[in-house]
Amino acid sequence: MKRYIQFILIVLAAGAIYPLIYLRTNYQETILAVFKIGLDDLNIIYTVLGFIFILGYFPSGILSDKFSAKYLLVFSLLGTAVGGFWFAQIPEYGSIIGIFCLWGVFSVFTFWGAHMKLVKLLSTPEEEGRFFGFLDGGRGVIEAILASVALLIFSHVLAKGETLANKTEALQYVIYMYSGVLLVVGILIALFVEKEVVKPTKNELTVVKETLEEEKGFDFKDVNSVIKNKFVYLMGAIIFCSYAVTWVVYYYGGFMEKNLKITPVTVNTIMVIVLWMRPIGGILGGFLADKFGKSLTLVTALSGAVLTLFGIAFLPAETTSFNVYYILIILGGTFVYAIRGTYWSLLGDSRIDNKIMGTAVGFISLLGYLPDIFIPYFSTVIFNKFGPEGGYNAYFIISAILGIAAICFVTIFKQQTQKKKL
């Protein structure tokens with residue numbers, strides 16, 4: 001029971017820390033209007049954030065191998081909340097970049113490796129699929145609940161009229177809500193997460209202690225063993241391509257507003273529905289991974305995402321019913337979240353020692369989450385070349401091609417793991 005309680009708290013932390021950073025998912029056009037910036041400016045902000053993420057992933061893994069995960073999580077949540085309260089003051093562009101830099105540090109450097117390592121250690125080999133599926137799916141539940149509350153707040157304020165003043169007030173309330181939740185979750189983690197991870201094995205209880213006193217000093221040999229593991233690079237390639245596909249959810253909202261001319265409230269409603277697909281896709285993907293195989297489940301989810309993206313990109317907007325797009329976007333979101341809930345479960349097939357698991361997670365993340373840097377800049381190039389409407393279609397097509405590449409890497413990974421078993 002202690003194991004599950006700690007796992008739930010980790011999921012709660014993961015679900016609360018990222019929605020504030022990625023408000024653009026549901027409120028992109030509102031953010032542009034309220035902060036008086038352009039789409040290029042917003043993409044620059046997220047490019048900077050991506051650089052901070054990439055710089056933080058690998059050391060976050062090493063940090064999680066050396067320090068208590070509990071205190072790392074608390075520090076991350078409280079720091080992100082402080083940035084949120086600052087963001088709600090509608091600061092100048094330079095300050096916004098500073099806020100996102102802080103968010104990058106608190107949500108990756110001090111958070112990412114710690115929470116991923118704990119999930120891996122809490123799960124048994126037979127449970128890895130469902131644990132990582134529940135991690136992403138559970139995050140989806142938290143994010144969907146928070147997004148639903150945010151939508152109620154946002155639409156209530158905008159009911160007075162869609163003026164800039166009302167949009168500013170509505171966005172501020174939404175930011176305050178997310179920041180307040182982070183403070184509460186940080187306190188819960190501080191009070192109830194223990195420093196021990198108790199995990200059952202076939203014959204006994206294995207206690208893994210996450211304390212500074214129990215850890216050895218930094219050993220470069222640990223890093224060297226991770227760097228020499230070919231499965232680490234294959235997982236990096238899988239996550240790189242798969243994660244690039246999952247970025248499409250951040251562009252669905254803009255696509256509906258620009259290409260389909262849908263109102264902001266309707267867009268937010270559809271995107272909240274998409275967020276509710278996260279627990280369905282993530283949890284279902286995790287269970288299917290344990291039952292039918294991790295690789296097969298991931299390939300199936302990637303294939304579904306590829307087909308929906310091609311459908312959205314090639315259907316003529318002038319003659320296609322909005323309902324068709326809604327179905328494709330919601331279905332595509334389900335596949336995307338199944339991908340996110342499955343690809344980390346492959347970690348159990350990589351034969352990585354638990355004592356360096358955090359370092360391995362950090363290095364894989366360094367490789368796999370490079371799209372955080374490339375995609376905002378790359379999308380700017382695409383939109384400048386093809387225009388606001390054509391840019392979305394081109395972006396979805398390229399994302400689908402990356403999905404096909406991910407399928408190829410998963411197939412290679414599966415073949416290599418089978419050889420190693422032999």
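In case you missed it, the structure is sitting above this.
One structure accompanies this document, and this report is about it. Residue positions are counted from 1 within each chain, in the order its sequence is given. Local features in this predicted model are restricted to residues whose pLDDT is 70 or higher, and side-chain atom pairs enter the listing and the counts only when it is 80 or higher, whereas totals over whole chains, interfaces and linings include all residues. The side-chain numbers reported here are obtained from all heavy atoms of the structure, hydrogens and water having been left aside.

### Observations concerning unusual backbone geometry
- Phi at I90 is positive, roughly 55°, even though this residue is not glycine.
- Examined against the element boundaries, I90 turns out to sit in the loop between α4 (69-87) and α5 (93-109).
- Of note, K261 is a non-glycine position whose phi angle comes to about 60°, a positive value.
- Summarising the element assignment, K261 is placed in the loop between α11 (249-258) and α12 (264-292). Think of it this way: any DSSP run of H or I at least four residues long counts as a helix, any run of E at least two long counts as a strand, and we number them from the N terminus.

### Observations concerning the packing of helix α2 (residues 24-34) against α12
- For the pair α2 and α12, the least separation of the axes is 10 Å and the interaxial angle reads 160°. It follows that α2 is roughly antiparallel to α12 by the angle criterion. For the pair α2 and α12, the contacting residues are T25, N26 and Y27 in the first and N268, M271, V272 and L275 in the second.
- Amino acid classes used here: Ala, Val, Leu, Ile, Met, Phe, Trp, Tyr, Cys and Pro are nonpolar; Asp, Glu, Lys and Arg are charged; the rest, including Gly, are polar. Residues belonging to the contact of α2 with α12 are distributed by class as follows: four nonpolar, three polar and no charged. Axes, fitted as lines to C-alpha atoms, cover a helix only where it is in contact. Angles between the N-to-C directions of the axes lie from 0 to 180 degrees. Angle categories are assigned with fixed cut-offs, so that under 35 degrees is roughly parallel, over 145 is roughly antiparallel, 65 to 115 is roughly perpendicular, and the rest are oblique. Whether two residues are in contact is decided by their heavy atoms, any of which lying within 4.5 Å being enough.

### Focus on the side chain of T168
- Assignment of secondary structure puts T168 in helix α8 (residues 164-192).
- Burial classification: accessible surface area is computed with a 1.4 Å probe over protein chains only, and a residue below 20% of its type maximum counts as buried, one above 50% as exposed, and the rest as partly exposed. Residue T168 is classed as buried on the basis of its relative accessible area, which comes to 18%.
- Side-chain polar atoms of T168 contact the backbone oxygen of L164, separated by 2.8 Å.
- If we skip the residues at most four places from it in the chain, T168 touches V34 and I90. Polar contact is defined as a pair of N or O atoms within 3.5 Å, subject to the rule that within protein one atom must be able to donate a hydrogen and the other to accept it, and that residues adjacent in sequence are counted only when both atoms are side-chain atoms.

### What to know about the nonpolar core
- Counting residues in each nonpolar core, the largest one holds 138 residues, and the members touching the most others are M256, W344 and F396.
- Here this core takes 12 residues from helix α7 (residues 128-158), the largest share from any one element.
- W344 has contacts with W112, M116, F132, M235, I239, V361, I364, S365 and Y369, leaving out every residue within four places of it along the chain. To define a nonpolar core, start from buried Ala, Val, Leu, Ile, Met, Phe, Trp, Tyr and Cys residues and group those joined through side-chain atoms within 4.5 Å.

So, to be careful, I would describe these as geometric facts and stop short of saying anything about function.
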